[in-house]
Amino acid sequence: FLNNYNISDPTIKGIIDLFILEVMNKGRNGQAYVQGLLALLSNHYIQNYSNYQDLQNLLQSTSKFDQSQLDKIDHYIAENIGSTISVDDLSELLHCSKFYFLREFKKLVGETPYQYLMHKRLEQAKAKLSADNPNIAEISHQLGFNDQSHFTRVFKSQYGMTPGQFVKSNSVN
């Protein structure tokens, strides 16, 4: 068995050796012993050689939210990008509790609502900063950042340059 599948597993080998000994001794340990060995072999195989655990993890990590609910959130963010947007606002939009929303949103998108909102704001910031004669303070205010320094910190952490450096690099091109 092990040689046919090119497997070198001492646990499986040990369990098979116990099966062989039981056969050679004409089943003297009884049916319960053989069933125990079979259970050991099955559990070891499932845990180490099947995708059973991956499938279980996938079922647990699949969000109950779908694309239509994400579209609702995107629309709300687009309409209110310059305002304070809270988790309570977004969970209310989808008619669920704040904690349920946080858990399911993270499963669906792979990031927290705050991170998602920041990415949306930063995408718009890049577009606005690419326009002629952008006003960084005005853009940060339009996109709902607390102040220009907050905007600059978040922008730099995401893109590796300040908004001013981004504007200069775009004007050179």
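Just above, that's the structure.
Residues numbered from 1 in each chain as written. Predicted model: local features only at pLDDT ≥ 70, side-chain atom pairs only at ≥ 80, totals over all residues. Heavy atoms only, no water.

A. Representation of unusual backbone geometry within the structure. In the Ramachandran plot, histidine 95 falls in the positive-phi region, its phi being about 55 degrees despite a non-glycine side chain. With respect to the secondary-structure elements, histidine 95 resides in the loop between helix H5 (87-93) and helix H6 (98-109). With phi around 50 degrees, asparagine 133 is a residue other than glycine that occupies positive phi space. Secondary-structure assignment places asparagine 133 in the loop between helix H7 (113-129) and helix H8 (136-142). (Helix = DSSP H or I, 4+ residues; strand = E, 2+ residues; numbered from the N terminus.)

B. Structural view of the environment of isoleucine 81. Along the polypeptide, isoleucine 81 turns up in the loop between helix H4 (67-80) and H5. We classify isoleucine 81 as buried; its relative accessible area is 10%. With residues up to four places along the chain from it excluded, the contact list for isoleucine 81 reads Lys120, Arg121, Gln124, Gln142, Leu143 and Gly144. (Buried < 20%, exposed > 50% of the residue type's maximum accessible area, 1.4 Å probe, protein only. Contact = heavy atoms within 4.5 Å.)

C. Spotlight on the pattern of salt bridges. Per the stated rule, a full pass over the model turns up four salt bridges. The residue lysine 13 makes a salt bridge to aspartate 17 at a minimum N-O spacing of 3.2 Å. Separated by four residues within a single helix, lysine 13 and aspartate 17 lie in helix H1 (residues 10-24), roughly one turn from each other. Among the residues examined, lysine 13 registers a relative accessible area of 44% and is labelled partly exposed. Take aspartate 17: its relative accessible area is 33%, and that puts it in the partly exposed class. With its nearest N and O atoms 3.7 Å apart, the salt bridge here joins lysine 120 to aspartate 74. Here lysine 120, found in helix H7, pairs with aspartate 74, found in helix H4; they are 46 residues apart in sequence, far enough to count as distant. When salt bridges that share partners are traced, they join Arg103, Glu104 and Lys107 into one network. (Salt bridge = Lys/Arg side-chain N within 4 Å of Asp/Glu carboxyl O.)

D. Examining the packing of aromatic side chains more closely. Scanning the entire structure with this criterion turns up eight aromatic pairs. With a centroid separation of 4.8 Å and 55 degrees between ring planes, the pair formed by phenylalanine 155 and tyrosine 159 is classed as tilted. On the criterion of helical spacing, the pair formed by phenylalanine 155 and tyrosine 159 is a turn pair, its members being four residues apart in helix H9 (residues 148-159). For tyrosine 159, a relative accessible area of 27% translates into the label partly exposed. Feature note: the residues Phe65, Tyr100, Phe101, Phe105 and Tyr116 constitute an aromatic cluster, connected by ring pairs. (Phe/Tyr/Trp six-rings, centres within 6.5 Å; stacked < 30°, edge-to-face > 60°.)

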